[in-house]
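# Summary of structural features
Residue-level listing of the chains:
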Amino acid sequence: MFRRLSDHASSEVTFTFDGLPVTASAGDSVAAALLAAGVRACRTTPVSGAPRGPYCMMGVCFECLVRIDGMDNCQGCLVTVQEGMKVESQRGSPTLATEPAQ
Amino acid sequence: MTEGILRRERGIADLADEYDVIVVGAGPAGLSAATTLAEAKARTLLVDENQTPGGQIYRAVTLAQPVDRQRLGEEYWRGRIIAEDFLRSAAEYAPAASAWSIQPLQNEVGRTIGHEVGLSSNGMARLIRARQVVLATGALERPFPIPGWTLPGVMTAGAAQIALKTSTLVPSGKVVIAGTGPLLYLLAAQLIEAGATVSAVLDTTPRENWLRAFRHAPGFLVSPYLAKGLRLLGTVQRRTRVIRWVSALAAEGEGGLREVTWRTDGREHRMPADLLLLHQGVVPNVNFSNAAGCAHEWDKTQLTFRPRVDEWSASSVVGLSLAGDGTGIGGAEAAAIQGRIAGLGCASQLGLIAPAERDRSAVPLRNSLARAMRGRRFLDELYRPGKAFRVPQDSDTIVCRCEEISVGQIRASVNAGAGGPNQMKVFLRCGMGPCQGRLCGLTVTELIADERSRHPSEIGYYRLRFPIKPLKLRELAALPQTETAKVAVLADLADTHHSADLNERKPQ
Ligand SMILES: Cc1cc2nc3c(=O)[nH]c(=O)nc-3n(C[C@H](O)[C@@H](O)[C@H](O)COP(=O)(O)OP(=O)(O)OC[C@H]3O[C@@H](n4cnc5c(N)ncnc54)[C@H](O)[C@@H]3O)c2cc1C
Ligand code: FES
């Protein structure tokens, strides 16, 4: 779906998506890193359970919602991927219980 | 330049409680407004959701390398000047920060003396005061509701451009680009230049547009758009197949895109695809100005709502100015000039420059603005998306992506008595998901207008409330419990959003 050009020097970052290790470039958004790794769908909808993936990459469509380090409803296209980050696909409607304790 | 960024970059915890001006949006309009204000000695804060300045057109331009100049073009490269001017100014800059509300502050006699702006970043929220606020939040791609547009593998062409600018990602596999608009061929050319192999560009520009646009050709013929447009068209036509007069476009597949189908020359066609990139122009992103209560009007050429602004870019709300493509699509050059004009207007409101000086400084700007707008009308007329692409005919097509509401459901709700978008929201929850109508608002207005045989201006738009972006529990918890904070948050709770969101927002 996407491939990365090799003409920009950038260091590597490793994170996990649904438990599997993924390598990204430092500075990638979570959504871009997933696209580069060939992930098309990152969530299912709360209404019909249909799979969805990033659509706008600019923060307006909310199709890129994922769970990041235990926090639901994160816009993957606006969050920069970090070393060791734990990203999970978001299944349907997350509940309050999944929000980490303060 | 990196040093400049580091020097004035602020996490939101380090921001002052009050500024003379807060500018929201670091595209050409916001950067120019902030630079102008800082030059006038206003204490200025610029906030933007992205990690680096530039907005849409100049996204990631401060990180760009010489190879990007060739790939993305001279126009992109020029954005470095606007960004560098800003970074050299005394304005403070909060990147990776979203603005989610704005509330007027009043003195004892009820006069508005400024605004309180809600910001959040990295799990923290703050309310920051400013005497003047400039919203330069730009545009977004017009909704493109075709059958199958929610399938993974269907994205906007702008999204692919963002992936290229920020992560040097190039579409691969079987790629189809479809739609219309002055940016369609630019986006296609940039992707091809970067090495994407595009199977076809499906051009949906309706035939009859040429006739309508013809009247406005004189302005276009003397504008730089002509040479630029021909060059881009040349690049695209040399490197891929361009198919014109496309109708009945659809994306097909189970669980993800597999094929693109369309009609042209009275026949049906299909083509396998891994990635379909859609684009039919850009429209002002009105969520912020709408929720702030600014007056809007229907633009019958651009077929969109736009906030009303005066000659200094001031909105109908005291102390709140709007600049750039968020006020109507004029392009990057016009956005930058408008930003400067808005900056002068605010500086004068703040008493930092005399009205006479403001007027004098604005004269050359207004001349440049007129020049930059030359040829726009032709583009607007030529690239007006066909009605079937704005008001989908197939009743199963999804309009509201968040709540999965179809054309048929919306038409039925109108027949059941929902006269406008806000009543329809109650019937169907359409527009009440996390995107807050950004991806369905215009379609819903035009669809209801069509069903009721009324003009879109009579139908109106969703009435939006703050926060315009869902807040996280811990961001809410961090807020001081001032009246405005409570109002901003609670007003929205009354309007039950997505259950997921609602859970997120419930104050403890
Ligand atoms: C995806 C896309 C790609 C485009 N690419 C091009 C191009 O290559 N060439 C071209 O000529 N035109 C392009 N345009 C058209 C574009 O509108 C330009 O004309 C120009 O970028 C407009 O400048 P602006 O300053 O008005 O807004 P923008 O450049 O859009 O800048 C607005 C900024 O505000 C930020 N923002 C919005 N809301 C908030 C908020 N609530 N909180 C914090 N920050 C916020 C945005 O993230 C953005 O950085 C593109 C438009 C889109 C939507
Ligand atoms: S992809 Fe649209 S909000 Fe992230």
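Residues numbered from 1 in each chain as written. Chains lettered and ligands numbered in written order. Predicted model: local features only at pLDDT ≥ 70, side-chain atom pairs only at ≥ 80, totals over all residues. Heavy atoms only, no water.

## Some words on helix α2 (residues 28–39) of chain B
Residues and elements named next belong to chain B. Worth spelling out the cut-off: Put simply, DSSP marks the helices as runs of H or I at least four residues long and the strands as runs of E at least two long, and each gets a number from the N terminus on. What a helix should span is 1.5 Å times the count of its residues minus one. Burial classification: accessible surface area is computed with a 1.4 Å probe over protein chains only, and a residue below 20% of its type maximum counts as buried, one above 50% as exposed, and the rest as partly exposed. Contact definition: two residues touch when any of their heavy atoms are within 4.5 Å.
End to end, α2 covers 16 Å across twelve residues, agreeing with the expected 16 Å (1.5 Å per residue, within 8%). By the criterion of burial, α2 is predominantly enclosed, with eleven of the twelve residues buried. When α2 is considered as a whole, its buried residues turn out to be P28, A29, G30, L31, S32, A33, A34, T35, T36, L37 and A38. Packing partners of the buried residues in α2 comprise β1 (18–24), β2 (44–47), α4 (74–88), β6 (124–135) and α11 (332–349). Looking one or two residues past α2, K41 carries a phi angle of roughly 75 degrees, positive in sign.

## Structural notes on the confidence of the model for chain A
Worth spelling out the cut-off: Confidence scores labelled pLDDT are given residue by residue by the predictor and lie between 0 and 100.
Confidence in the prediction of chain A, expressed as mean pLDDT, is 89, and 91% of residues score 70 or more. Below pLDDT 50 for its whole length, residues 95–102 of chain A participates in 16 contacts with residues either more than four positions away or in separate chains.

## A look at the site of ligand 1
Our working rule: Nearness here has a simple test: a residue counts as near a molecule or strand if at least one of its heavy atoms is within 4 Å of that partner. Polar contact criterion, stated in full: a pair of N or O atoms within 3.5 Å, where within protein one must be able to donate a hydrogen and the other to accept it, and residues adjacent in sequence count only if both atoms are side-chain atoms. Using the Shrake-Rupley algorithm and a 1.4 Å probe, accessible areas are obtained, with residue cover drawn only from the displayed protein chains. Gly counts as polar in this scheme, as do all residues outside two lists: the nonpolar Ala, Val, Leu, Ile, Met, Phe, Trp, Tyr, Cys and Pro, and the charged Asp, Glu, Lys and Arg.
The environment of ligand 1 is made up of 35 residues, and the closest members are B:D48, B:Q56, B:A99, B:Q161 and B:D325. Residues close to ligand 1 are split across chains A and B. Taking B:I57, its main chain carries an N or O atom lying 3.3 Å from an oxygen atom of ligand 1. B:D325 is positioned such that a nitrogen or oxygen atom in its side chain is 2.6 Å from an oxygen atom of ligand 1. Computed on the free molecule, ligand 1 has an accessible area of 980 Å², of which 95% lies beneath the protein chains in the complex. For the shell around ligand 1, the secondary-structure elements that each account for two or more residues are α2, β4 (98–106), β7 (139–141), α5 (157–167) and α11 of chain B. Within the shell around ligand 1, the residues separate by chemical class into 18 nonpolar, twelve polar and five charged.

## Considerations on the domain arrangement of chain B
Residue and element names in this part refer to chain B. For clarity, the cut-off: Residue ranges assigned to each domain were obtained from an automatic or database domain assignment. Accessible-area loss on putting two parts together, using a 1.4 Å probe and summing over both, is the definition of buried area adopted here. Basic side-chain nitrogens of Lys or Arg form a salt bridge, by our definition, when they fall within 4 Å of a carboxyl oxygen of Asp or Glu.
Partitioning chain B into domains gives domain 1 (2–140 + 283–353), domain 2 (143–280) and domain 3 (387–497). Put simply, the middle of domain 1 and the middle of domain 3, counted by C-alpha atoms, are 25 Å apart. Listed as interface residues are 28 residues of domain 1 and, on the opposing side, 29 residues of domain 3. Both sides together, the interface formed by domain 1 and domain 3 hides about 2400 Å², and carbon and sulfur atoms give 69% of it. On the domain 1 side of the contact with domain 3, W100, N287 and W298 bury the most area, a combined 28% of that side's loss. Seen at the junction of domain 1 and domain 3, the total is one salt bridge. Ionic pairing is found between K469 and E49, a salt bridge with its closest N-O pair at 2.9 Å.

## Some details on the packing of aromatic side chains
Each aromatic ring pair is summarised here by two numbers: the centre-to-centre distance and the angle between the ring planes. Our working rule: In this analysis, rings of Phe, Tyr and Trp, with Trp reduced to its six-membered ring, are considered paired at centre separations within 6.5 Å, and the interplanar angle assigns stacked below 30 degrees, edge-to-face beyond 60, and tilted for intermediate values. Only when the NZ of Lys or the CZ of Arg is both within 6 Å of the ring centre and within 35 degrees of the ring normal is a charge said to sit over the ring.
Counted under the stated rule, the structure contains eight aromatic pairs over all chains. With a centroid separation of 5.7 Å and 85 degrees between ring planes, the pair formed by A:Y55 and B:W149 is classed as edge-to-face. Residue A:Y55 is found in the loop between β5 (51–52) and β6 (65–68), and its partner B:W149 is found in the loop between β7 and β8 (154–156); the two belong to separate chains. The class for A:Y55 is buried, based on a relative accessible area of 2%. Linked through ring pairs, B:W298, B:F305, B:Y461 and B:Y462 together constitute an aromatic cluster. Here B:R401 stacks its cationic end above the ring of B:W149, 4.7 Å away from the centre of that ring.

## So, the environment of B:L164
Examined against the element boundaries, B:L164 turns out to sit in helix α5. Assessed through its relative accessible area of 2%, B:L164 is described here as buried. Separated by 123 residues in the primary sequence, B:L164 and B:N287 have C-alpha atoms spaced 27 Å apart. Residues contacting B:L164, with those up to four places away along its chain left out, are A:L5, B:R71, B:L72, B:L169, B:V170, B:Q190, B:L191 and B:A194.

## Re empty space enclosed by the protein
All names here are of chain B. Counted only if it meets this: Two kinds of site are reported from a 1 Å grid over the protein atoms alone, namely cavities, where a 1.4 Å probe fits but cannot get out, and pockets, open sets with protein on both sides within 12 Å along at least five of seven lines, and residues are called lining when an atom falls within 4 Å of a point. Grid points are joined across faces, edges and corners, and a volume is the space filled by probe spheres set on the points.
Counted according to the given criterion, the structure contains six cavities of 30 Å³ or more. Estimates place the volume of the largest cavity at around 100 Å³. Lining the largest cavity we find 13 residues, and of these V283, P284, V286, L442 and Y461 sit closest to its centre. A breakdown of the residues in the lining of the largest cavity according to their chemical character gives eight nonpolar, four polar and one charged. Counting only domains with at least three residues in the lining of the largest cavity, you end up with domain 1 (2–140 + 283–353) and domain 3 (387–497).

## Here we look at the interface of chain A and chain B
On the chain B side, the residues contacting the 46 residues of chain A number 59 residues. Buried surface at the junction of chain A and chain B, summed over both partners, amounts to about 4500 Å²; 56% is from carbon and sulfur atoms. At the junction of chain A and chain B, the tally comes to one salt bridge. One salt bridge in this structure joins A:E63 and B:R401, with 2.7 Å as the shortest N-O distance. Seen at the junction of chain A and chain B, the total is 16 residue pairs in polar contact (both at pLDDT 80 or more). Contributions of two or more residues to the side of chain A that touches chain B are made by β1 (2–4), α1 (30–36), β5 and β7 (71–75) of chain A. Broken down by element, the side of chain A that touches chain B gets its largest block of residues, five residues, from β7(A).

## Section: the confidence of the model for chain B
All names here are of chain B. Residue-level pLDDT values for chain B average 92, and 93% of them are 70 or greater. Below pLDDT 50 for its whole length, residues 1–6 participates in five contacts with residues either more than four positions away or in separate chains. Throughout residues 491–508 the model reports pLDDT below 50, and contacts reaching past four residues in sequence, or to other chains, amount to 57 contacts. Reported for the predicted complex are a pTM of 0.93 and an ipTM of 0.93.

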